[in-house]
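Notes for the structure review
Below are the chains, spelled out letter by letter.
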Amino acid sequence: MNWFETPEALMPLARIAVIIGAAIALKILFRFTTRRLVGRLRKSVRNGAFSSDQRLMARTKTIAAISNNFATWLLLITATVMVLSELGIDVGALIAVSTILGAAIGFGAQSLVKDILSGIFIVFEDQYGVGDWIQVDDVSGEVERIGLRITEIRDVQGTLWFIRNGEIIKVGNSSQEWAIALVDLSFDYQNDVEQVKHIIGEVGKQIKADAEWASQILEDPQVLGLTKISGERFVIRTTFKTIPGKQWAIGREFRQRCKSAFDQAGIKLLQIQRINPEV
Amino acid sequence: MNWFETPEALMPLARIAVIIGAAIALKILFRFTTRRLVGRLRKSVRNGAFSSDQRLMARTKTIAAISNNFATWLLLITATVMVLSELGIDVGALIAVSTILGAAIGFGAQSLVKDILSGIFIVFEDQYGVGDWIQVDDVSGEVERIGLRITEIRDVQGTLWFIRNGEIIKVGNSSQEWAIALVDLSFDYQNDVEQVKHIIGEVGKQIKADAEWASQILEDPQVLGLTKISGERFVIRTTFKTIPGKQWAIGREFRQRCKSAFDQAGIKLLQIQRINPEV
Amino acid sequence: MNWFETPEALMPLARIAVIIGAAIALKILFRFTTRRLVGRLRKSVRNGAFSSDQRLMARTKTIAAISNNFATWLLLITATVMVLSELGIDVGALIAVSTILGAAIGFGAQSLVKDILSGIFIVFEDQYGVGDWIQVDDVSGEVERIGLRITEIRDVQGTLWFIRNGEIIKVGNSSQEWAIALVDLSFDYQNDVEQVKHIIGEVGKQIKADAEWASQILEDPQVLGLTKISGERFVIRTTFKTIPGKQWAIGREFRQRCKSAFDQAGIKLLQIQRINPEV
Amino acid sequence: MNWFETPEALMPLARIAVIIGAAIALKILFRFTTRRLVGRLRKSVRNGAFSSDQRLMARTKTIAAISNNFATWLLLITATVMVLSELGIDVGALIAVSTILGAAIGFGAQSLVKDILSGIFIVFEDQYGVGDWIQVDDVSGEVERIGLRITEIRDVQGTLWFIRNGEIIKVGNSSQEWAIALVDLSFDYQNDVEQVKHIIGEVGKQIKADAEWASQILEDPQVLGLTKISGERFVIRTTFKTIPGKQWAIGREFRQRCKSAFDQAGIKLLQIQRINPEV
Amino acid sequence: MNWFETPEALMPLARIAVIIGAAIALKILFRFTTRRLVGRLRKSVRNGAFSSDQRLMARTKTIAAISNNFATWLLLITATVMVLSELGIDVGALIAVSTILGAAIGFGAQSLVKDILSGIFIVFEDQYGVGDWIQVDDVSGEVERIGLRITEIRDVQGTLWFIRNGEIIKVGNSSQEWAIALVDLSFDYQNDVEQVKHIIGEVGKQIKADAEWASQILEDPQVLGLTKISGERFVIRTTFKTIPGKQWAIGREFRQRCKSAFDQAGIKLLQIQRINPEV
Amino acid sequence: MNWFETPEALMPLARIAVIIGAAIALKILFRFTTRRLVGRLRKSVRNGAFSSDQRLMARTKTIAAISNNFATWLLLITATVMVLSELGIDVGALIAVSTILGAAIGFGAQSLVKDILSGIFIVFEDQYGVGDWIQVDDVSGEVERIGLRITEIRDVQGTLWFIRNGEIIKVGNSSQEWAIALVDLSFDYQNDVEQVKHIIGEVGKQIKADAEWASQILEDPQVLGLTKISGERFVIRTTFKTIPGKQWAIGREFRQRCKSAFDQAGIKLLQIQRINPEV
Amino acid sequence: MNWFETPEALMPLARIAVIIGAAIALKILFRFTTRRLVGRLRKSVRNGAFSSDQRLMARTKTIAAISNNFATWLLLITATVMVLSELGIDVGALIAVSTILGAAIGFGAQSLVKDILSGIFIVFEDQYGVGDWIQVDDVSGEVERIGLRITEIRDVQGTLWFIRNGEIIKVGNSSQEWAIALVDLSFDYQNDVEQVKHIIGEVGKQIKADAEWASQILEDPQVLGLTKISGERFVIRTTFKTIPGKQWAIGREFRQRCKSAFDQAGIKLLQIQRINPEV
């Protein structure tokens with residue numbers, strides 16, 4: 001335990017020096033690693049069309065700063081306890097009390113840690129961004145703010161929902177890359193299927209040709225076949241691939257045009273399925 | 001273990017002095033850090049229109065005071081145990097008993113800790129304030145008091161609900177910044193859609209022009225298109241962006257005016273969707 | 001480890017004396033702190049109209065007494081173990097067995113601890129008192145007894161429900177400060193809204209003017225506007241702010257008077273919404 | 001570590017003597033405390049009408065006996081390990097194995113401990129006794145046996161249900177002190193409310209006056225007012241406070257007498273609400 | 001640490017001898033205790049009519065054998081580790097690895113332990129036996145096998161259900177001691193209640209008098225009064241106390257006889273409530 | 001700590017030799033025990049008609065091999081650490097890091113361990129085999145593969161379901177030993193019960209006599225009595241005990257033959273209850 | 001503790017050398033084992049038609065790389081702590097702080113670990129791949145990305161769902177090997193069953209013969225018998241075994257052809273059951 005002829009009385013001093021040196025070295029190493037890790041993560045994040053790079057940059061810096069603060073405090077406490085120990089003080093009690101305290105808080109705060117970890121992943125996996133229309137359980141609305149602990153959603157009635165990130169098991173995002181306006185129209189069983197499909201197809205083409213809507217529809221509308229038949233009615237489904245956020249407006253427009261077209265043709269629409277809370 | 005010629009017999013005394021000194025230093029450091037942290041948090045809190053600054057100030061002070069008390073007790077106990085240890089007493093039993101006791105209480109009290117942590121975040125994230133109309137699970141009402149452990153809500157029948165903060169997974173606040181009065185009116189399939197939309201639009205403009213309501217409506221009412229068609233009826237949705245808390249009164253007024261207008265036009269309303277428990 | 005020339009053989013005795021002294025000091029300190037804490041809590045409790053001060057006083061004393069007993073036992077055990085340790089006996093086995101036993105019981109008893117902690121908070125937060133009409137999940141009734149572990153509720157059929165306090169996530173109290181009698185009346189679409197509102201208003205005024213009911217109604221009854229319209233009927237909501245416990249009797253009276261008034265006016269009531277299990 | 005000139009070789013023997021003495025002392029102390037505690041608990045238990053004192057006495061003795069056995073075993077094991085330790089044997093392995101074993105069993109058996117703890121409280125809080133009619137979740141029936149771990153209930157079809165005590169979150173007891181026979185009768189809207197109330201009141205008085213039923217009805221029947229009105233019918237509620245267990249027979253009798261009375265008066269009953277699975 | 005002049009070099013040998021002796025003694029003690037405990041449990045088990053004594057005997061022996069094996073292995077491992085320790089080998093690593101391993105497996109296997117403990121209690125509390133008709137959640141059928149971990153039930157469609165014992169929160173046994181055949185018959189409101197009750201009573205008496213059924217009916221059938229009245233019909237409930245397993249056959253027979261009797265009397269049955277999945 | 005005059009310098013070597021020897025001995029012992037245990041388990045497994053012996057053999061070998069690998073690694077690590085310890089290296093840090101790592105992984109992997117343990121029991125208890133038609137929660141289909149962690153089921157629409165074994169609380173197997181084709185036929189109330197039962201009985205006998213079906217029906221079909229009567233119809237239940245997997249084909253055949261028979265007799269079938277998703 | 005005459009002062013150096021050597025050896029061993037394990041796993045993975053080998057290769061490498069990084073860091077930390085310990089520094093505090101920190105993070109991150117472990121198994125068990133149509137709880141759609149932590153599914157309305165892998169208890173994959181198009185057609189009770197079956201069979205044969213569809217249908221369509229009969233209608237089920245992903249298109253085509261065929265035959269289809277959200 002004594003090194004190469006160092007006088008016995010100076011050993012504690014030497015050891016304290018080693019401890020402090022190691023703490024400083026670790027701090028620098030941690031700072032360096034954090035930065036490199038964050039840098040790499042940033043690179044590997046998908047460059048989606050909806051996540052502003054600035055927001056991600058800002059958040060990454062915040063996380064790095066919080067991590068650094070936390071690490072600094074931990075190193076400070078650990079080094080202090082070790083120095084006390086080198087001075088010959090029995091730190092058993094100190095460690096025991098800290099353990100209990102740490103365990104107690106950690107136990108109560110587990111859902112807090114879970115929320116924050118989930119929040120970090122929501123951001124880095126770019127699950128949704130501010131302005132997206134998302135659906136969580138039975139709440140759907142526009143994202144107003146993504147915090148580390150909670151996500152704020154404004155629903156169709158203007159109610160602001162605060163949802164804890166850790167409780168979001170599955171989330172549906174209606175604003176990513178493209179969306180589909182899906183309209184089910186039902187007709188009396190007696191009508192001719194081909195005629196009906198023809199009219200719907202015409203209406204679809206008109207919308208696609210309309211200058212106002214053309215830029216919002218990504219693909220030609222598809223008139224799918226018979227999806228349901230009962231003794232009284234049959235159902236025809238039509239889908240439009242649209243830019244996200246425009247599926248509801250296109251659906252409304254298409255429905256109104258269909259009503260006019262079928263009124264002219266003397267065919268009565270029996271039902272138009274409602275497809276989304278936000279219409 | 002002996003320092004620079006200190007007589008052996010005085011070593012325990014020296015170490016006790018170090019312990020007491022460190023405890024006092026830590027207490028001062030903790031107090032300083034708490035204050036600085038609270039100060040910073042206070043700055044970074046959003047300055048919402050509904051959270052009175054005084055209440056936040058008061059609460060912040062309360063939390064700081066509680067934390068300080070708690071830290072003082074912990075330091076006192078730890079220092080006492082360490083001094084006993086320096087006096088040569090085996091504190092193993094003491095530590096063991098404390099550990100069991102601490103674990104037992106911490107285990108049983110985990111939902112208590114969870115409630116309080118959630119309560120702190122509800123305040124600092126300003127999720128809702130006293131007087132807001134919020135919705136938690138199947139209970140909705142006006143917030144009467146936000147405690148650290150429970151939130152008290154008075155519902156539409158005057159029942160006072162006590163809800164534990166830790167169990168609030170998601171909460172909807174209908175009183176933040178703005179609200180939407182959303183009214184769905186349904187009409188017989190035979191009616192002319194354009195005429196109906198025209199009448200609704202007129203009624204909307206009248207309300208907006210009315211001096212009594214003008215200040216409460218933030219944007220021009222929007223008559224959205226056809227949201228639903230069945231063989232018997234079609235549905236027109238109208239929305240008003242209002243100041244929070246006024247969406248229900250505006251909805252009631254709008255419905256009554258529509259009834260009069262359509263009575264005059266000889267058009268019968270088939271249904272007005274009810275949109276909220278509080279009307 | 002030896003102090004200022006104390007003979008070595010007497011050291012254990014000295015240390016035992018220190019242990020016993022510290023235990024007694026701690027006991028006194030704990031008693032003092034408990035009393036002060038309870039005293040303070042008592043002061044800060046809201047002085048609600050329904051919690052008799054005597055009951056709170058009695059309960060506070062009970063809690064303090066239990067805590068004191070518990071602390072005394074803990075100190076006694078700890079001091080005994082430490083004295084044994086000073087006598088040179090290896091107490092490792094003793095501590096280990098105690099730890100296992102404590103953990104096992106604590107683990108199994110966690111819901112017990114949770115129930116009791118919840119019970120304490122229910123009392124100190126004055127969530128409800130004996131005689132209040134409360135609602136927990138799908139059970140509602142009058143509180144008969146609030147125990148530390150369970151609350152006893154007598155429902156409308158006389159069934160006595162025992163509910164564990166720790167499982168009460170949210171509780172609605174219909175007997176705090178004031179209540180609302182909320183009556184929804186629905187009428188045929190053809191009726192004149194203004195006439196109907198006028199008659200309802202008259203009935204409301206009569207009840208308020210009636211000497212028998214005047215003292216129980218805190219504010220003038222409010223006839224809110226149209227809350228719902230369908231092709232067949234419309235709904236008018238009326239609310240009375242009453243003293244707690246009287247909302248159901250006032251509702252019954254109001255309904256009966258309305259029936260008479262509308263019978264006279266030749267208008268048929270289509271439905272009166274039932275608002276509460278206890279009517 | 002050596003006491004007042006005791007020869008070193010005899011020290012282990014002395015320490016072993018202290019250990020054994022302490023174990024015996026603790027055993028006696030525990031027995032005494034158990035008895036005193038149980039005695040006190042017994043006193044403070046409410047003397048309900050349905051819990052036979054003998055059963056409680058018997059159970060209390062059983063619990064005391066089990067606790068004593070358990071404590072004896074624990075003391076025996078602990079003392080043995082400590083004696084082995086004094087003989088110079090390293091008991092670390094022994095303690096470690098015991099810890100793992102204890103933890104493993106305790107972990108798996110936690111619901112067992114929970115069931116038994118709940119069973120003890122059910123008995124001491126006198127939540128229900130053999131012969132009571134209780135309701136747990138969707139099962140209701142007569143209690144046949146209350147065990148420490150399970151409660152056995154015989155339902156109306158003779159099925160015997162075994163329910164684990166720890167899973168009983170809330171339990172409704174229909175056999176405590178008094179019960180209420182609650183009968184809702186609905187009539188055509190055209191009938192005269194006062195006449196109907198009069199006839200019901202007469203029937204109620206007759207039952208109360210009947211020698212056969214008088215002793216079972218604790219208070220005069222109450223004819224509450226209109227609890228519900230629709231366009232087609234109105235509902236009158238009547239309640240009888242009865243001795244427990246007789247509410248269903250009284251309800252059946254009252255319903256049959258009402259049918260006769262209204263048949264005579266030429267008024268048709270539209271519906272009699274069924275109030276309980278056991279009728 | 002050395003005893004009465006034993007040569008120092010022989011001390012480890014002496015201690016090893018003590019360890020081995022203690023292990024053997026404990027093994028014998030455990031075997032003896034297990035046997036005695038099992039013997040006592042066996043005595044205190046209720047001697048129900050449906051649990052064959054032989055099966056219980058066999059199972060008890062199995063449990064005792066498994067416990068003994070388990071205890072032997074534990075003692076062997078513990079003693080080995082202690083002997084290694086006495087030989088001067090540091091067993092810290094060994095103990096640490098064992099602890100991790102034990103904890104890991106115990107953690108993952110907790111539901112296994114729970115299942116087995118529940119299985120043991122199901123047998124010793126005689127909740128059900130092979131051949132009984134039981135109901136667990138939404139599955140009901142005949143018990144085919146009761147294992148320590150799972151119970152196998154054959155339902156009415158011949159599907160064999162495997163249910164883990166630890167998940168059986170509550171179980172209903174329709175084959176214990178006696179059963180009730182409960183038949184609800186509903187009649188047109190116009191019928192005479194007394195006449196209907198009379199006919200039902202006659203049918204009941206005939207079945208009871210019938211030699212084929214007499215031995216299966218334990219008590220005279222009871223015709224309970226009016227359990228439900230609506231504007232269209234009233235309901236009469238009849239119950240038979242039967243030997244277990246015969247309630248469904250008696251119900252079927254009674255229903256068929258009632259149909260004949262009421263066909264003769266010219267009264268139409270409106271509905272016969274179905275009471276059980278197995279009919 | 002030194003044995004019988006062994007030179008002090010050689011002690012570590014001797015102890016290392018003991019450690020390595022013990023490790024090898026334990027490895028051999030474990031291998032032997034595993035084999036014997038597996039062999040015994042194999043014997044005691046029921047020899048069901050549907051579990052191919054070869055598959056069981058193969059799986060048993062796999063489990064034994066995995067266990068052996070795992071045990072070897074554990075012994076290797078433990079022995080290495082102990083040897084390092086004997087070389088005078090402080091292994092505290094090593095053990096601490098391993099503990100944390102082990103706990104962390106074990107904690108996260110608990111559902112993995114649970115799945116695998118359940119998988120082992122599913123195989124050894126022969127709950128189901130490849131080709132069986134089973135039902136788990138709301139999914140039913142044919143088992144395609146039983147893995148240690150998941151079971152793969154192909155449902156009636158060809159969808160392949162992956163279900164984690166640990167989440168299978170209860171599972172119904174329709175392919176074990178025998179099955180029941182259960183057909184409920186309902187008829188108009190006016191029909192003669194005896195005539196209907198006679199016709200059904202005849203159809204049953206014909207199927208049983210038919211060469212094509214005779215081998216698949218294990219017992220004579222049973223025409224059970226009246227299971228339900230309403231004012232409009234009565235229901236007759238018929239059951240066939242069949243070889244497993246044929247119950248649905250027999251049900252279909254029986255239904256078609258009944259329709260023909262009743263068409264001839266001029267009796268209209270009101271409803272045939274559908275009994276299974278797979279028909 | 002000193003080896004074969006090594007000078008005492010050099011012992012720490014020697015031990016440090018051993019530590020570093022062991023760390024390097026372990027790192028190499030781990031790398032080797034990882035590679036071998038991954039290689040073996042890769043071999044034993046089923047070679048499904050839908051999992052591109054390249055993707056699996058890439059993922060396997062990623063997992064191996066992450067594991068190696070993680071192991072390197074752990075070894076580095078452990079070795080550093082052990083070297084510090086050899087230099088005479090008390091590392092108790094260091095270890096204690098690390099333990100608390102590790103436990104805290106591990107506790108909060110347990111669902112993270114669970115998600116990742118589930119993600120690894122989803123890939124290696126090839127439960128589904130990108131492009132498959134899967135169903136998880138109430139969400140069904142096409143897999144867009146399988147991450148270690150989440151799976152991304154695009155549903156029929158274009159909403160992108162993010163689902164945490166650890167929460168996927170059971171998942172249905174409609175794109176594995178083959179699928180079934182299942183169509184239920186219901187007809188009026190009066191129709192001739194044989195004629196109807198004949199027409200359906202003809203339509204089935206035509207589709208199978210059609211060049212456009214022939215390659216997508218794996219087996220001859222099967223017309224199963226009567227699956228349901230009510231007083232008004234009977235149901236005939238038809239199934240096509242198809243290549244995966246084509247079942248819905250074939251169903252639509254078949255339905256349309258059936259409508260034509262039955263229109264020609266003058267038979268009205270009463271209902272075509274809809275079988276899947278995606279049609």
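Calculation criteria
Residues numbered from 1 in each chain as written. Chains lettered and ligands numbered in written order. Predicted model: local features only at pLDDT ≥ 70, side-chain atom pairs only at ≥ 80, totals over all residues. Helix = DSSP H or I, 4+ residues; strand = E, 2+ residues; numbered from the N terminus. Buried ≥ 20, exposed ≤ 12 C-beta atoms within 10 Å, placed from the backbone. Contact = placed C-beta atoms within 7 Å. Axes fitted to C-alpha atoms, helices over the stretch in contact; angles between N-to-C directions. Parallel < 35°, antiparallel > 145°, perpendicular 65-115°, else oblique. Left-handed = near helix turned anticlockwise from the far one by under 90°. Nonpolar A, V, L, I, M, F, W, Y, C, P; charged D, E, K, R; others polar. Domains from an automatic or database assignment. Expected span 1.5 Å × (residues − 1). Pairing = 2+ DSSP bridges. pLDDT = per-residue confidence, 0-100.

**A few points about the overall build of chain A**
Counting its secondary structure elements, chain A contains 7 helices and 9 strands. Burial statistics for chain A: of 279 residues in total, 35% are counted as buried. Of the contacts formed within chain A by residues at least 6 apart in sequence, a portion of 64% connects residues at least 24 apart.

**Brief notes about the packing of helix 5 (residues 193-209) of chain G against helix 7 (residues 247-265) of chain G**
Residue and element names in this part refer to chain G. The geometry of helix 5 relative to helix 7 is characterised by a closest axis approach of 10 Å and an angle of 135° between their N-to-C directions. With respect to their mutual orientation, helix 5 and helix 7 come out oblique. As for how helix 5 packs across helix 7, the hand of that crossing is right-handed. Facing Ile199, Ile200, Val203, Gln206 and Ile207 of helix 5, the residues of helix 7 in contact are Glu253, Phe254, Arg257, Cys258, Ala261, Phe262 and Ala265. Broken down by class, the residue content of the contact of helix 5 with helix 7 amounts to 9 nonpolar, 1 polar and 2 charged.

**Regarding the domain arrangement of chain A**
Under the domain assignment, chain A is made up of domain 1 (8-108), domain 2 (127-173) and domain 3 (179-272). The distance between the C-alpha centroids of domain 2 of chain A and domain 3 of chain A comes to 31 Å.

**Quick word on the environment of threonine 80 of chain E**
Residue and element names in this part refer to chain E. Positionally, threonine 80 belongs in helix 2 (residues 53-86). Note on threonine 80: 17 C-beta atoms within 10 Å, which makes it partly exposed. Residues threonine 80 and isoleucine 20, 60 residues apart in the sequence, show an inter-C-alpha distance of 9.0 Å.

**Considerations on helix 7 (residues 247-265) of chain B**
Along an α-helix, residues three or four positions apart point the same way, because every turn accommodates 3.6 residues. Residue and element names in this part refer to chain B. When the terminal C-alpha atoms of helix 7 are compared, their 26 Å separation across 19 residues agrees well with the 27 Å that a helix rising 1.5 Å per residue should span. All of the buried residues in helix 7 are Gln247, Trp248, Ile250, Gly251, Glu253, Phe254, Arg255, Cys258 and Lys259. Looking one or two places after helix 7, you find glycine 266, whose phi comes out positive at around 75°.

**Examining the pairing of strand 6 (residues 179-188) of chain A**
Residue and element names in this part refer to chain A. Counting buried positions over the 10 residues of strand 6 gives 7, a clear majority of the element. The pairing of strand 6 with strand 8 (residues 233-242) spans 10 bridges and is antiparallel. Within the sheet, the bridge partner assigned to valine 183 lies in strand 8 and is threonine 238.

**Remarks on the confidence of the model for chain A**
Residue and element names in this part refer to chain A. Of the residues in chain A, 76% have a pLDDT of 70 or more, and the chain-wide mean is 77. Contacts for the low-pLDDT stretch residues 45-52, under 50 throughout, to residues beyond four places or in other chains number 11 contacts. Quick note on the complex model: pTM equals 0.79, ipTM equals 0.73.

**Some details on the pairing of strand 2 (residues 139-146) of chain E**
Residue and element names in this part refer to chain E. With 4 bridges joining them, strand 1 (residues 133-136) and strand 2 adopt antiparallel strand pairing. Along strand 2, the bridge assignment pairs isoleucine 134 with glycine 141. From the end of strand 1 to the start of strand 2, which pair antiparallel, there are 2 residues, and aspartate 137 there has a positive phi angle of about 50°. As paired elements, strand 2 and strand 3 (residues 150-155) share 5 bridges and run antiparallel to each other. Across the sheet, residue valine 143 finds its bridge partner in strand 3, namely isoleucine 153.

**Thoughts on unusual backbone geometry**
The backbone of aspartate 137 of chain A sits at a positive phi, close to 50°, despite the residue not being glycine. As for its position among the elements, aspartate 137 of chain A is in the loop between strand 1 (133-136) and strand 2 (139-146).

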